[in-house]
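# A closer look at the structure
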Amino acid sequence: MEKLGRIERVDLRAVWTNEAEHFTPWLAQPENLEILGETLGIDLELEAQEKDVGPFRADILCKNTAEKDSWVVVENQIEKTDHKHLGQLLTYASGLRASTIVWISAKFTEEHRAALDWLNQMANKSARFFGLEIELWKIGDSPAAPRFNVVCKPNDWETTVRQAAETLATGDEGTPAQILRIKYWTAFRSYLQEHGSKLRPQKPSRDHWYSFGIGTSLANTTALIITREKKIGVELYIGHENAKTIFNELLKEKHSIETTVGSPLDWRELPDRKACRIVLFNSVDPYDEVTWPQQFGWLKNNLEKFDEAFRPLFASNSWWLLTASTPQQA
């Protein structure tokens, strides 16, 4: 019988002697932000390390690439949580107008976990707070491997219940199309989770689009439902101020992109608009709930192909030089 190894816990200070000099630079590396993003279910792009907020400095500032103008503040602590870091976290979140606030620590006290739970309840729709514990493990002489454990996060169920109550109280249930969209995207989100997709779905809304990050704030992939024309679609949406330049750079790779996706795409430069789109449509009726599993399968398959086609292009080229400016401090 093959001999199995033994998992051993590694002291954080044995790898990261100093929080600011060692842990924060390690976390800011793309491959490690990817691990953090997988844990949070958010596609992250680094904006700054040690970002000035008045006389203070936030450890890491990122963009949530699936949401427009959505900033993520990360506060690191490789010790047990304390009041000082909680205060810093709130100061940075306020000063940078962050919509996602992440506190990483070696150990969360019950008091600080309860504080983040309370903040999630009180923040309503304006912000979301995550508490993560960082651990290091190894097997034998293997390199130490990090693991993030979520100890506190927004409660989607409570949010959904609260919004439903608000809707009933105001009578604002929306148009039939809006009601369909939120039902459709909620079911699609569940489909992705049940089928183990690596796509990171955001919170469902009444919009006719549902966005996903591809590792950059220059563009994102989007699922579409067009009820009036009875069709669904997948697109790359480029809403950056340099969208035309980015579009033309991608156009040079048209053959390889369409080969990866497996279909010809509709390339829409949209000369009279700032944004550009690259789209693939499927003629099906979003109102036909019986066919939703097939529709969801088509959306999932093509969103994953779009991700496979476009993510490496953005990662391997110099378009990151075109990134938008950092948010203004309060």
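Being a predicted model, the structure only gives us computed values, none of them experimental.

Rules behind the numbers
- Residues numbered from 1 in each chain as written.
- Predicted model: local features only at pLDDT ≥ 70, side-chain atom pairs only at ≥ 80, totals over all residues.
- Heavy atoms only, no water.
- Helix = DSSP H or I, 4+ residues; strand = E, 2+ residues; numbered from the N terminus.
- Buried < 20%, exposed > 50% of the residue type's maximum accessible area, 1.4 Å probe, protein only.
- pLDDT = per-residue confidence, 0-100.
- Contact = heavy atoms within 4.5 Å.
- Salt bridge = Lys/Arg side-chain N within 4 Å of Asp/Glu carboxyl O.
- Pairing = 2+ DSSP bridges.
- Axes fitted to C-alpha atoms, helices over the stretch in contact; angles between N-to-C directions.
- Expected span 1.5 Å × (residues − 1).
- Polar contact = N/O pair within 3.5 Å; in protein donor to acceptor, adjacent residues only side chain to side chain.
- Bend = angle between axes of the 7 residues up to and from the residue.
- Parallel < 35°, antiparallel > 145°, perpendicular 65-115°, else oblique.
- Left-handed = near helix turned anticlockwise from the far one by under 90°.
- Nonpolar A, V, L, I, M, F, W, Y, C, P; charged D, E, K, R; others polar.

### Remarks on unusual backbone geometry
We note that Arg-97 has phi near 55 degrees; this positive angle belongs to a residue other than glycine. Following the sequence through the fold, Arg-97 ends up in the loop between helix H4 (83-95) and strand E5 (100-107). At Lys-230, a position not held by glycine, the phi torsion is positive, near 50 degrees. Turning to its location among the elements, Lys-230 is positioned in the loop between strand E9 (220-226) and strand E10 (231-238). Overall, the relative accessible area of 49% leaves Lys-230 in the partly exposed class.

### Focus on the confidence of the model for the protein chain
Taken as a whole, the protein chain shows an average pLDDT of 86; of its residues, 89% reach a score of 70 or greater. Contacts of residues 164-171 to residues separated by more than four positions or lying in other chains number six contacts, the stretch itself having pLDDT below 50. This stretch, residues 323-330, has a pLDDT under 50; its non-local contacts, to residues over four places away or in other chains, come to 27 contacts.

### A look at the pattern of salt bridges
Using the criterion set out here, one finds 16 salt bridges in the structure. Note that Arg-13 and Glu-79 form a salt bridge whose closest N and O atoms lie 2.6 Å from each other. One end of the pair, Arg-13, is in helix H1 (residues 12-15); the other, Glu-79, is in strand E4 (residues 71-80), and 66 residues separate them in sequence. For Arg-13, a relative accessible area of 32% gives the class partly exposed.

### A short note on the pairing of strand E6 (residues 128-139)
Taken together, the four bridges between strand E1 (residues 7-10) and E6 define a ladder with antiparallel strand orientation. Counterpart to Arg-9 in the pairing with E6 is Trp-137. Inspection of the sheet shows E5 paired to E6 by six bridges, in the parallel sense. Across the sheet, Val-102 pairs through a bridge with Phe-130, a residue of E6.

### A closer look at the sheet that holds strand E8 (residues 209-213)
If you walk across this open sheet you meet the five strands as E8-E9-E10-E12-E11, and the pairing is antiparallel. Whereas interior strands pair on both sides, the edge strands pair on one side only; in this sheet they are E8 and strand E11 (266-268). The mean angle between the axes of side-by-side strands here comes to 25 degrees, regardless of whether they run parallel or antiparallel. Summarising the sheet, E9 and E10 pair through seven bridges and their orientation is antiparallel. The residue bridging Ile-225 from the neighbouring strand is Ile-232, located in E10. Sheet strands touched by helix H8 (residues 243-251): E10, E11 and strand E12 (276-282). Its angle to E12, the strand with the most contacts, is close to 55 degrees.

### Observations regarding H4
With 13 residues, H4 should cover 18 Å at 1.5 Å per step; its first-to-last C-alpha distance of 18 Å lies within 8% of that length. Buried within H4 are the following residues: His-85, Leu-86, Gln-88, Leu-89, Tyr-92, Ala-93 and Gly-95. Those residues of H4 that are buried are in contact with helix H2 (19-27), strand E2 (44-53), strand E3 (56-64), E4, E5 and helix H5 (110-122). Taking the backbone nitrogen of Lys-84 as reference, a side-chain oxygen 3.3 Å away marks Asp-82 as the first, capping residue of H4. Looking one or two residues past H4, Arg-97 carries a phi angle of roughly 55 degrees, positive in sign.

### Describing helix H10 (residues 292-316)
Counted at 1.5 Å a residue, the expected span for H10 with its 25 residues is 36 Å, and the 36 Å between its end C-alpha atoms agrees. At Phe-310, H10 shows its maximal bend, which comes to roughly 25 degrees, and the proline Pro-312 appears one to four places after that position.

### A look at the packing of helix H7 (residues 176-194) against H10
Across the interface, H7 lies against H10 with an axial gap of 10 Å and an inter-helix angle of 65 degrees. Accordingly, the angle class assigned to the pair H7 and H10 is roughly perpendicular. As for the relative orientation of H7 and H10, their crossing is right-handed in sense. Here H7 contributes Leu-180, Lys-183, Tyr-184, Trp-185, Ala-187, Phe-188, Tyr-191 and Leu-192 to the contact with H10, which in turn contributes Trp-292, Pro-293, Gln-295, Phe-296, Gly-297, Leu-299, Lys-300 and Leu-303. Counted by class, the contact of H7 with H10 contains twelve nonpolar, two polar and two charged residues.

### Considerations on the side chain of His-112
With respect to the element layout, His-112 can be found in helix H5. A distance of 2.8 Å separates a polar atom in the side chain of His-112 from a polar atom in the side chain of Thr-81. With residues up to four places along the chain from it excluded, the contact list for His-112 reads Thr-81, Asp-82, His-83, Leu-86 and Trp-103.

### Points about the packing of helix H9 (residues 254-261) against H10
Put simply, H9 and H10 touch, their axes get as near as 8 Å, and they point 150 degrees apart. Looking at the two axes, H9 sits roughly antiparallel to H10. In terms of crossing hand, the pair formed by H9 and H10 is right-handed. Across the interface between the two elements, Ile-257, Thr-260 and Val-261 of H9 pack against Asn-302, Lys-305, Phe-306, Glu-308, Ala-309, Phe-310 and Leu-313 of H10. Its residues placed into classes, the contact of H9 with H10 shows six nonpolar, two polar and two charged.

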